[in-house]
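Survey of secondary and tertiary structure
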Amino acid sequence: MPVSVLLVEDDKVIRRSVALALERYGYGVTTAEDGLTGLELFREGRYDLLLLDVMLPGLDGIGLCRRIRETSTDPVLMMSARGDALDVVSGLEAGADDYVVKPVDTSVLVARIRSLLRRTTFRPDPAPDPPPDTAPDGPAPLVFGDLSIDTGGLEVFRAGRPVALAPTELRLLLEFAAHPGIVLERQTLLRNVWDYGWDGDSRVVDLCVQRLRKKIGAERIETVRGFGYKLRR
Amino acid sequence: MRGLVRETANWRSLRWRIALLVAVSCCAIALTVGLLVHRSTYERSMNDGAARAYSALEGALDSGDEDGVLAYGAGEMPPELARRLRSADEAHLYDESRAYRPRMWAGRRLDGGRLVAIPVDMVPDQLSRRALDRHMVKYSLLALAVIVPLAALAAELPNRRLRRVARTAGRITAGDLGARTGAGGRAGDEITDIAATVDSMADSLQGRLVSEQRFTADVAHELRTPLMGLVTSAGLLPEGEATDLVRDRVGVLRGLVEDLLEVSRLDADAERADLRRVPLGEVVADAVARLGFPVELTVEGAPLVETDPRRLDRIVVNLVTNAHRHGAVPDGTRAGEAPRVSVAVRDGVVSVRDRGPGFPAVLLAEGPQRFRTGAAERGRGHGLGLTIATGQARVIGAELTLANAPEGGAVATLRLPGGGPGAPADRG
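Below is a summary of the structure that appears in this document. (Residues numbered from 1 in each chain as written. Chains lettered and ligands numbered in written order. Predicted model: local features only at pLDDT ≥ 70, side-chain atom pairs only at ≥ 80, totals over all residues.)

Bringing the sheet that holds strand β2 (residues 28-32) of chain A into the picture now. Residue and element names in this part refer to chain A. Overall, parallel pairing links the five strands, which are arranged β2-β1-β3-β4-β5 in an open sheet. Of all strands in the sheet, those bounded by a partner on one side alone are β2 and β5 (98-101). Taking the axes of each pair of neighbouring strands and ignoring which way they run, one obtains an average angle of 20° across the sheet. Bridge analysis of strand β1 (residues 4-8) against β2 gives five bridges, and the strand direction is parallel. For Leu-7, the partnering residue across the bridge sits in β2 and is Thr-31. Each of β1, β3 (49-53) and β4 (76-80) touches helix α3 (residues 61-71); the most contacted strand, β3, lies at about 155° to it. (Pairing = 2+ DSSP bridges. Helix = DSSP H or I, 4+ residues; strand = E, 2+ residues; numbered from the N terminus. Axes fitted to C-alpha atoms, helices over the stretch in contact; angles between N-to-C directions. Contact = placed C-beta atoms within 7 Å.)

Right under this line is the structure:
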């Protein structure tokens, strides 16, 4: 069963050519030409990844992403033709996991898609220094204040209630949890969570941290000005 | 604090001009009023003195000059009084001939033509007039001593508002287009007018910039959408010579569009650096590794710099590509074998060097200009690369110098801020 991608793009040539290119890489691609059709398709089917253009007739990509995030934590990759602050920041604020700027090479697009899919299927290594009282049937949950992370089942609870995290948010939280109390530079996070080299955009990190803070409590992740972020124990 | 002192010491400041004006007008008023008072007191004192002198004369004549105070004949009175009495029956004269003892004379020509006169002491009058003058001078000076500092203080208020307008205008000039004087709501004087004008000027500048940016964004969207279709479709074509030709041109078109958009973003001054601490050597190595042609790279030490790696990458790629395009192959080797460009990284300095004819003189003199390649032998390329490198260097606060090495070849030196001691730019 191939990985299924929902591509929402209004430009016919891009829609067809990206679909054909992704199919060559073995993905199953469903396409929609506007936001509302995209939303309908999303509600009817199940997709492993959503590839959304920002500028769409009717419901735009940012609005569509926000609607999708209301009910789902599926990975979302935005495609922007502008790449300016407004497009990128609003897309990431709406809950997108990453963005690419058009025109994008198929190889780059596929690399971004693979990185994003790796986050969905991510299983952390066994905890670096497991507590001595680890139960034999799985690692004990990591606890930070009212936050508890079940690294085995990949579930996060805040004050006992489950928190729904998008794959990138979860991956970011696990990265923090692996280094509690240690400052992680944006560059490190871009490399470890998003698989970026030097070409990553640190706004991706900043906005994902913002979204994560909204879900797990703002005080949990501390900003260290000029360096990065750290998880408060 | 030092600024305040300098401002206070600036004698050409509006504050001191206003204070001087106030002082001059106060002095003029005091002088006029003083003169008028002085004159009228003098006249009254003369009239009083004359009346006293006449009544004394009357008294002395009535009593038959029993006290012997009367002066008889022209010889005993001031000559001027005698002269006056020849033309009039009665006359008086203020006599100041004796210092500190002024006297008022009243005289009469008696029926027989005999002149008689009497002096009255005017010392108390003179003393009281002098006291009055002294008082007027003293209190005028006192009033000035109070009014001039008050005027300077009062002038401080409009001064301060003017300075704020000047500061705001300075900030707008420096690029902070969001700066406003915010002095619109106050009383409608000239300062409010100029403040409002500065604000509206900034508004219109900002509006123009915003529409410029919107235009760039729209152009970006309109160009990139078909370009993306072209890029992806070209990628789907079956391999072959024709496909390679198409892909090559699509690549050129794409590079040109991206460069143009980058130049216009840099021109709009809307770019902000995304600073991170990065190992300079690694970023440069990654950048040159992606270029697809051999580059001789030497990295000394492991310099860490705080910069925007994406912009640094753009600068290095543009400099190296430019050097590769214009650089010659080293002697004794064939094209495509040996690297034409050498890149050296030391401390916070990246220098890119080729063995070509060097930068043309016009480029060294005027800096890179878009679409100007400078000389016929540099005809390839569109001249945007160095413009972009210069613009991006400005965004990350680095200094980019272009020069020709004495032994030939172009040398571009990029000095990153805070990169430790600078290394000599044109090493071999």
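From this point, the discussion proceeds with the structure in view.
Contact residues are listed per partner, giving 24 residues for chain A and 23 residues for chain B. Looking at the side of chain A that touches chain B, the elements that each hand over two or more residues are α1 (12-24) and α7 (186-194) of chain A. The residue makeup of the side of chain A that touches chain B, split by class, is ten nonpolar, five polar and nine charged. (Nonpolar A, V, L, I, M, F, W, Y, C, P; charged D, E, K, R; others polar.)

Residues and elements named next belong to chain A. Residues Val-5, Leu-50, Leu-51, Leu-52, Cys-65, Met-78 and Leu-173 are the most contacted members of the largest nonpolar core, which totals 66 residues. Counting residues domain by domain, this core receives three or more from each of domain 1 (4-120) and domain 2 (142-231). Apart from residues no more than four positions distant in its own chain, Leu-50 is found in contact with Leu-6, Phe-42, Ile-68, Asp-74 and Val-76. (Core = buried A, V, L, I, M, F, W, Y, C linked by C-beta atoms within 7 Å. Buried ≥ 20, exposed ≤ 12 C-beta atoms within 10 Å, placed from the backbone. Domains from an automatic or database assignment.)

Paired through backbone hydrogen bonds, the strands of a sheet run either parallel or antiparallel to each other. Residue and element names in this part refer to chain A. Overall, antiparallel pairing links the four strands, which are arranged β6-β7-β8-β9 in an open sheet. Only two strands of the sheet have a single neighbouring strand rather than two, namely β6 (142-144) and β9 (161-163). Mean inter-strand twist for the sheet, computed between neighbouring axes without regard to direction, equals 30°. Where β6 and strand β7 (residues 147-150) come together, three bridges link them in antiparallel fashion. By the bridge assignment for β7, Val-143 is matched with Ser-148.

We now examine the pairing of strand β3 (residues 103-109) of chain B. All names here are of chain B. Of all seven residues in β3, five are buried; the element is thus mostly enclosed. Sheet analysis places strand β2 (residues 90-95) next to β3, joined by six bridges and oriented antiparallel. Residue Leu-93 lies in a different strand from β3, and its bridge partner there is Trp-105. Relative to strand β4 (residues 115-121), β3 is paired through seven bridges, and the arrangement is antiparallel. Bridge pairing links Arg-108 to Val-116 in β4.

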